[in-house]
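Residue-level listing of the chains:
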Amino acid sequence: MQTWDVIVIGAGPVGENVAERVVASGLSAVIIEAELVGGECSYWACMPSKALLRSGHARRAAAHVRGTGVHEPTGPGAGPDVAEVLARRTSFTSGWDDSGQVEWLQGVGVDLIRGHGRLAGDRVVEVSTANGTDRLQARCAVVVCTGSDAHVPDALAAVSPWTSREATSVEEVPGRLAIVGGGVVGTEMATAYRDLGADVTMLVRGQVLAGQEPFAGELVTASLTERGVDVRAGVTVVSATRDGGPSTPVRLTCDDGQVVEADEVLVATGRRPRTDDLGLSIVGLTDGQWLDVDDTLRVQGAQWLYAVGDVNHRALLTHQGKYQARAAGDVIVARARGTEVLAGQWQRHAATADHRSVPQVVFTDPEVASVGLTAAVAREAGHAVRVVDYDLGAVAGAALHADGYGGRARMVVDTDRQVLLGVTFVGPDVAELLHAATVAVVGEVPIERLWHAVPAYPTISEVWLRLLETFGREG
Ligand SMILES: Cc1cc2nc3c(=O)[nH]c(=O)nc-3n(C[C@H](O)[C@H](O)[C@H](O)COP(=O)(O)OP(=O)(O)OC[C@H]3O[C@@H](n4cnc5c(N)ncnc54)[C@H](O)[C@@H]3O)c2cc1C
Ligand SMILES: NC(=O)c1ccc[n+]([C@@H]2O[C@H](COP(=O)([O-])OP(=O)(O)OC[C@H]3O[C@@H](n4cnc5c(N)ncnc54)[C@H](O)[C@@H]3O)[C@@H](O)[C@H]2O)c1
């Protein structure tokens, strides 16, 4: 049996980071990957989805500045060049070829075995490869970084719907696309496919972007609707049929009796853990579940098993998974060496920010950039809260940025401690405003000190000053 200090199962962005981290500190590591090194993010999620969105976004941004000579597309064929958009997308996935990432792994000294990994004993991992089964032994830790898959509701399974994988790797844009789900994937793909010329209908069980401040879903819905997307909220799909067989139109029946026909249907109804056939009974758990971890990313009740990234269900985002990977990699090294474990709040080995300081950008148009708690969640958690809103369009830098700029900003203030619990920006190109908010929330920067962080004039960031003025210097 071959032995390494650390065995990582899953070479997505998170697994790669854990392995790199422990090797950089002098331990040995092997990573096991069943599909492509780079994982979902590189080939079927973050990168291709943002590439599909970018051309339409850039074109609309230019069309909203008088004098650029670019106008909002009207009529068939007037939108972005679909073939070029798809070609650009494909370049960002390297044509679904992972040799570049494999080279990077080799360069940082991480060993790779291709195959399906599962636990098979105390620190033992069995790998099913094309040539049979290998058994590997870890001296220190086994780290599960197997990510997540699309969840497909039973009502839709029979019609073999698209998931985010098909939506991001598309080669031919359907004429009519129905999207079930109004979360991040649903709204981003509605934005992208509308730009690519599809007639898009969204069927949303609850509210659009339900986890965000309510005005985020409202502004995104208004914009999608204005651009011709048919957004139907408060409806549940109860059955789906494709009477003519595969590749023929799909008919979706909703709980209120309405029927929607489309050439393709994308299911964007959340994720499920990729823990099937993982041998979790070895540590007293059941396959198919999310893996509950402590703040050092160690599986609850286990000594040598860690779960990092989507699979632990703390924050299903690449950047947050990589943040966890840094903490996990470092704590594995500390435990291996017997050096001090720093697992208190905000210390090196604890993923403290997962609890209430997670930043996210939804790349719709307008963009939604948020960090920390929404007002509703902050109140539910028992904080004394004051909500401060400001019209982003009234900021000089925003008005210069785009003609008719529309958007809104909110800060959620903990009035007992006079610090920010959450910040949300909704508007064109607000993504790059987010990190300042993340620093303020994570740093628990007192409001009084924020008055000394002067935003440059005339930038959209001046909204910070407007929010403070609205809050008032005496609070
Ligand atoms: C459409 C879409 C767009 C997204 N856009 C963004 C975005 O813009 N920004 C953002 O931050 N996040 C985004 N996300 C979320 C992001 O993709 C995930 O949070 C991220 O990929 C999680 O990384 P991971 O390494 O935990 O898992 P994954 O990327 O899923 O990687 C897990 C790897 O493990 C492998 N694996 C699984 N089981 C086994 C096994 N038993 N043996 C061996 N290998 C195995 C898989 O093949 C895979 O390569 C998006 C998600 C979707 C679906
Ligand atoms: N820009 C980004 O950061 C980005 C982009 C895409 C995805 N992601 C990540 O990927 C994850 C998955 O995204 P998602 O949009 O699939 O999930 P989501 O949780 O954001 O949204 C799921 C949507 O599906 C609906 N839904 C759930 N079950 C349903 C059912 N049975 N029938 C009908 N509707 C149902 C929900 O009401 C919701 O509208 C997210 O957690 C997100 O963090 C991030």
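Residues numbered from 1 in each chain as written. Chains lettered and ligands numbered in written order. Predicted model: local features only at pLDDT ≥ 70, side-chain atom pairs only at ≥ 80, totals over all residues.

S.K.: Explain helix α9 (residues 214-226) to me, using residue names and the numbers behind them.
M.R.: Over its 13 residues, α9 runs 19 Å from end to end, which matches the ideal 18 Å to within 8%, given 1.5 Å per residue. If you check which residues of α9 are buried, you get A216, G217, L219, V220, T221 and L224. G228 lies just past α9 and shows a positive phi near 100°. (Helix = DSSP H or I, 4+ residues; strand = E, 2+ residues; numbered from the N terminus. Expected span 1.5 Å × (residues − 1). Buried ≥ 20, exposed ≤ 12 C-beta atoms within 10 Å, placed from the backbone.)

S.K.: Residue-level account of the site of ligand 2, with values.
M.R.: Near ligand 2, the surroundings consist of 24 residues, among which P153, G181, G183, V185 and T269 are the closest. A per-element tally of the shell around ligand 2 places helix α8 (residues 184-195) first, with 4 residues. Here the shell around ligand 2 is composed, by residue class, of 12 nonpolar, 9 polar and 3 charged. (Near = placed C-beta within 6 Å. Nonpolar A, V, L, I, M, F, W, Y, C, P; charged D, E, K, R; others polar.)

S.K.: I'd like to hear about the environment of A396, residue by residue, with values.
M.R.: With respect to the element layout, A396 can be found in helix α13 (residues 396-401). Look at A396 and you get exposed, because 12 C-beta atoms sit within 10 Å. A sequence separation of 66 residues divides A396 from E462, and the C-alpha atoms of the two residues are 7.9 Å apart. Setting aside its immediate chain neighbours within four residues, A396 contacts P458 and E462. (Contact = placed C-beta atoms within 7 Å.)

S.K.: Can you tell me about the site of ligand 1, naming the residues and giving the values?
M.R.: As a matter of local geometry, ligand 1 sits amid 36 residues, with G10, G12, G39, G147 and G309 nearest to it. When contributions to the shell around ligand 1 are tallied by element, the ones reaching two or more residues are α1 (13-24), β2 (29-33), α2 (39-44), α3 (46-63), β4 (116-121), α7 (164-168) and α10 (318-337). Residues that form the shell around ligand 1 fall into these classes: 14 nonpolar, 16 polar and 6 charged. Split by domain, the residues of the shell around ligand 1 number at least three in each of domain 1 (2-38 + 98-149 + 273-353) and domain 2 (151-270). (Domains from an automatic or database assignment.)

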